[in-house]
Amino acid sequence: MKKSVLVTGANGQLGKCIEELSLNFEELNFIFKSSKELDITSFNSAKAIFEKHQFNYCINCAAYTAVDLAEDEKEKAFAVNAEGVKHLAILSKDYNTSLIHISTDFVFDGLKNTPYTETDSPNPINVYGASKLQGEQYIKELLDTYFIFRTSWLYSEYGNNFVKTMLRLSKERQELNVVNDQIGSPTYAKDLAEVILKVIKEDNTNYGMYHFSNKGETSWFGFAQEIFKQKNIQVNLLPTTSENYKTKAKRPMFSVLDNSKSLKKLGVIQKSWKKSLTNCLKLSNS
Ligand SMILES: NC(=O)c1ccc[n+]([C@@H]2O[C@H](COP(=O)([O-])OP(=O)(O)OC[C@H]3O[C@@H](n4cnc5c(N)ncnc54)[C@H](OP(=O)(O)O)[C@@H]3O)[C@@H](O)[C@H]2O)c1
């Protein structure tokens, strides 16, 4: 029998990437639910869907991802990223479903200067990071059959992200200021989607917490520079500091993730961030 897979938050960028790649997985039966069709903050609506289908896997792409707004909407952020995730963990346990959940580099405070491993202690410095950490903790407490993938700086041809913002701003402005003192690893959401589908296809049972990002590190300024270089766009790009470019939410200054465990236990291939950016830009019409 085909394995059945629920995808929540299916209209977000990761959900869309999974939907696109799902066409290559005829052996899997996918059910995609947008936020309108399944609001994970409602336990009863989620339960009704779990009750109706016997899912082998639930991929949770649903999240409150507005990092700055979360500072003013703490309850909303926790309702989705913590309580909503708790609902999925309870239901996954009750219905014998493996839960694949996505978390973030923003659970870390960014004070390290070498890549973060899964055993490093989280210490979020903003509401979004705290809400995502709470979600992780619920899963760990309630379930054994889970994969949590912490990832960083996600972008794709779908949804809102840094790549699309830079391409848009380059058409609207002569000059762009981008911070060059926050360091991380840009990650193509389609590469993460591939990792998730590989785990399901192979019925991997090395459950637990994993870090997955593209290979290499850069600043947001370096990321912008590479986008414009690859697209051959002339724009006056200027480096600035976090001190000069204040945002509502604080961001970790360094959030590179160590991928060794994913490489070893899941056999994933970590593409370089520049190569993955090329793959994404080939598909973007902007
Ligand atoms: N984006 C990044 O840079 C980044 C970095 C690290 C980790 N992550 C994590 O990666 C995952 C995927 O991120 P993404 O960039 O694909 O996010 P995204 O594009 O913002 O998509 C999130 C989706 O979740 C949906 N959603 C929000 N509240 C919901 C609810 N109560 N019930 C069901 N669905 C709900 C949203 O629907 P509506 O649009 O209708 O609200 C949206 O379609 C998230 O867990 C995120 O925390 C992202």
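This structure is a prediction, so every number in the text was calculated from the model and none was measured.

Running from N to C, helix H2 (residues 43–52) and helix H3 (residues 74–94) point in directions that differ by 30 degrees, and their axes come no closer than 10 Å. What the angle tells us is that H2 and H3 run roughly parallel. When you trace H2 past H3, the crossing you get is right-handed. When H2 is examined against H3, the residues Phe43, Ala46, Lys47 and Phe50 are found in contact with a partner set consisting of His87, Leu88, Ile90, Leu91 and Ser92.

The environment of the ligand is formed by 23 residues, the closest being Ser35, Asp39, Thr65, Tyr128 and Lys132. Gln13 is positioned such that a nitrogen or oxygen atom in its backbone is 3.0 Å from an oxygen atom of the ligand. Ile102 places a main-chain nitrogen or oxygen 3.2 Å from an oxygen atom of the ligand. When the ligand is considered free in solution it has 900 Å² of accessible area, and contact with the protein chains removes 78% of it. Contributing elements (two or more residues each) for the shell around the ligand: helix H1 (13–22), strand S4 (98–104) and helix H4 (127–142). Ranked by the residues each element gives to the shell around the ligand, the list is headed by S4, at three residues.

For the rest of this paragraph, the subject is the environment of Ser45. Mapped onto the elements of the fold, Ser45 is located in helix H2. Residue contacts for Ser45: discarding those within four places in its chain leaves Leu38 and Asp39.

What follows is about the environment of Tyr57. Checked against the element boundaries, Tyr57 lands in strand S3 (residues 57–60). Classification of Tyr57 as buried rests on a relative accessible area of 4%. Separated by 19 residues in sequence, Tyr57 and Leu38 place their C-alpha atoms 16 Å apart. Among residues more than four places away in sequence, those in contact with Tyr57 are Lys3, Ser4, Val5, Leu6, Thr97, Ser98, Ile100, Val199, Ile200 and Asp203.

Turning our eyes to something else, we now look at the pattern of salt bridges. Tallied over the entire structure, the rule returns 16 salt bridges. A salt bridge links Asp203 to Lys3; the shortest N-O distance between them is 3.4 Å. On the criterion of sequence distance, the pair formed by Asp203 in the loop between helix H6 (189–201) and strand S10 (208–211) and Lys3 in strand S1 (residues 3–8) is long-range, its members being 200 residues apart. The closest approach of N and O atoms between Lys16 and Glu19, which form a salt bridge, is 3.3 Å. Here Glu19 and Lys16 lie together in helix H1, a separation of three residues that amounts to about one turn. Overall, Lys16 belongs to the partly exposed group, its relative accessible area being 27%.

This paragraph deals with the UniProt feature "domain: RmlD-like substrate binding" (unreviewed entry) in the protein. UniProt records the feature "domain: RmlD-like substrate binding" (unreviewed entry) at residues 4–282, using the numbering of this structure. Strand forms 18% of residues 4–282 and helix 39%; the C-alpha atoms that close the span are 32 Å apart.

Below, the discussion takes up helix H7 (residues 220–231). If you check H7, its first and last C-alpha atoms are 17 Å apart, about what twelve residues at 1.5 Å a residue would give, namely 16 Å. Within the span of H7, buried status applies to Trp220, Phe221, Gly222, Phe223, Ala224, Glu226, Ile227 and Phe228. Summarising the contacts, the buried residues of H7 are in contact with strand S6 (154–155), helix H5 (162–172), strand S7 (175–179), strand S11 (218–219), strand S12 (236–240) and helix H9 (273–283). Downstream of H7 by a residue or two, Asn232 has a phi angle that is positive, lying close to 55 degrees.

Quick look at H3 now. Residues spaced three or four apart along an α-helix point in a common direction, a consequence of the helix completing one turn every 3.6 residues. Relative to the 30 Å expected for 21 residues at 1.5 Å per residue, H3 spans 29 Å between its end C-alpha atoms, a close match to the ideal helical length. Along H3, the sharpest kink reaches roughly 30 degrees, centred on Val80. What H3 keeps buried is the set Ala77, Val80, Asn81, Ala82, Gly84, Val85, His87, Leu88, Ala89, Leu91 and Ser92. In the core, the buried residues of H3 are packed alongside S1, H2, S3, S4 and H4. With its phi angle positive at about 60 degrees, Asn96 sits one or two positions after the end of H3.

The next subject is the packing of aromatic side chains. This model, assessed by the stated rule, comprises 17 aromatic pairs. Seen from their ring centres, Phe162 and Trp220 are 4.8 Å apart, and the 55 degrees between their planes marks the pair as tilted. Of the two residues, Phe162 sits in helix H5 while Trp220 sits in helix H7, which places them 58 residues apart along the sequence. Since its relative accessible area comes to 18%, Phe162 is described here as buried. The structure contains a cluster of three or more aromatic residues connected by ring pairs, namely Trp153, Tyr155, Phe162, Tyr188, Trp220, Phe223 and Trp273.

Procedures and definitions
- Residues numbered from 1 in each chain as written.
- Predicted model: local features only at pLDDT ≥ 70, side-chain atom pairs only at ≥ 80, totals over all residues.
- Heavy atoms only, no water.
- Axes fitted to C-alpha atoms, helices over the stretch in contact; angles between N-to-C directions.
- Helix = DSSP H or I, 4+ residues; strand = E, 2+ residues; numbered from the N terminus.
- Parallel < 35°, antiparallel > 145°, perpendicular 65-115°, else oblique.
- Left-handed = near helix turned anticlockwise from the far one by under 90°.
- Contact = heavy atoms within 4.5 Å.
- Near = heavy atom within 4 Å.
- Polar contact = N/O pair within 3.5 Å; in protein donor to acceptor, adjacent residues only side chain to side chain.
- Areas by Shrake-Rupley, 256 points an atom, 1.4 Å probe, with all protein chains shown as cover.
- Buried < 20%, exposed > 50% of the residue type's maximum accessible area, 1.4 Å probe, protein only.
- Salt bridge = Lys/Arg side-chain N within 4 Å of Asp/Glu carboxyl O.
- UniProt positions renumbered as here; feature names shortened; annotations may be inferred.
- Expected span 1.5 Å × (residues − 1).
- Bend = angle between axes of the 7 residues up to and from the residue.
- Phe/Tyr/Trp six-rings, centres within 6.5 Å; stacked < 30°, edge-to-face > 60°.

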